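Read off the chains here:
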Amino acid sequence: MKRTLTALGLAVALPFTLAACGEEAAKPSKDEVSAAMDDLLAASGMSPETLEATGLSEEQFNGYRNCIVNSIYDDVSAESLQYLVDGDYESPVSKDDSDKIDSAIQTCASELGV
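Residues numbered from 1 in each chain as written. Predicted model: local features only at pLDDT ≥ 70, side-chain atom pairs only at ≥ 80, totals over all residues. Heavy atoms only, no water.

Enquirer: Got a minute to help me understand the nonpolar core in this structure?
Expert: Side chains of nonpolar character tend, in soluble globular proteins, to be buried together. Ranked by size, the top nonpolar core spans 23 residues in total, and within it Val33, Met37, Tyr64, Ile68, Ile72, Leu81 and Leu84 carry the most contacts. For this core, the secondary-structure elements that each account for two or more residues are α2 (30-43), α4 (58-73), α5 (78-86) and α6 (95-111). (Core = buried A, V, L, I, M, F, W, Y, C linked by side-chain atoms within 4.5 Å. Buried < 20%, exposed > 50% of the residue type's maximum accessible area, 1.4 Å probe, protein only. Helix = DSSP H or I, 4+ residues; strand = E, 2+ residues; numbered from the N terminus.)

Enquirer: Help me understand the confidence of the model for the protein chain, please; the structure alone is not making it clear to me.
Expert: Do not read the fine detail of predicted coordinates wherever pLDDT is low. Overall, the prediction assigns the protein chain a mean pLDDT of 80, with 75% of residues at 70 or greater. Ranking the helices and strands of the protein chain by mean pLDDT puts α5 first, with 94, and helix α1 (residues 2-13) last, with 57. Between residues 17-22, whose pLDDT stays under 50, and residues either more than four places distant or in other chains, the model counts 16 contacts. (pLDDT = per-residue confidence, 0-100. Contact = heavy atoms within 4.5 Å.)

Enquirer: Is there a simple way to explain the packing of aromatic side chains in this structure?
Expert: Aromatic rings considered in pairs are described by the distance between their centres and by the relative angle of their planes. This model, assessed by the stated rule, comprises 0 aromatic pairs. Here the guanidinium or amino end of Lys27 rests over the ring plane of Tyr73, the centre of that ring lying 4.1 Å away. (Phe/Tyr/Trp six-rings, centres within 6.5 Å; stacked < 30°, edge-to-face > 60°. Lys NZ or Arg CZ within 6 Å of the ring centre and 35° of its normal.)

Enquirer: Hey, could you run me through the environment of Asn66 in this one?
Expert: With respect to the element layout, Asn66 can be found in helix α4. We classify Asn66 as partly exposed; its relative accessible area is 32%.

Enquirer: Looking at this structure, how should I read the state of the cysteines?
Expert: Considering all chains together, one arrives at 1 disulfide under this definition. The disulfide partner of Cys67 is Cys108, and the S-S distance across this bridge is 2.1 Å. As the torsion about the S-S bond is roughly -85 degrees, the Cys67-Cys108 disulfide counts as left-handed. Pair noted here: Cys67 is in helix α4 and Cys108 is in helix α6, with a separation of 41 residues, a long-range link. Taking relative accessible area as the criterion, Cys67 reaches 14% and is therefore assigned buried. (Disulfide = S-S within 2.5 Å.)

Written out as structure tokens, the structure reads:
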């Protein structure tokens, strides 16, 4: 199961690249970020059927996703969150935001004990 969450984490982190910032965006709601995280994972091939096949329950997946969203929401720039909500995986995020996202992915996997 640890490999499954690691794969989920990579699926989340890969679309974000490192680069400079643009003008400040309005901060999307936490619900919007959560829905966008679901969309990103689905686009990365992590459907409910795929999760079930790997032994990850929907409850575990939701806990993992919520942990990531709660961890990054107040610490990642509004601009990077808006990129996620917009499905704009090509726009660059700062190294600081990228590091915070990567850290949240690893921490949440560890906290869930998988």
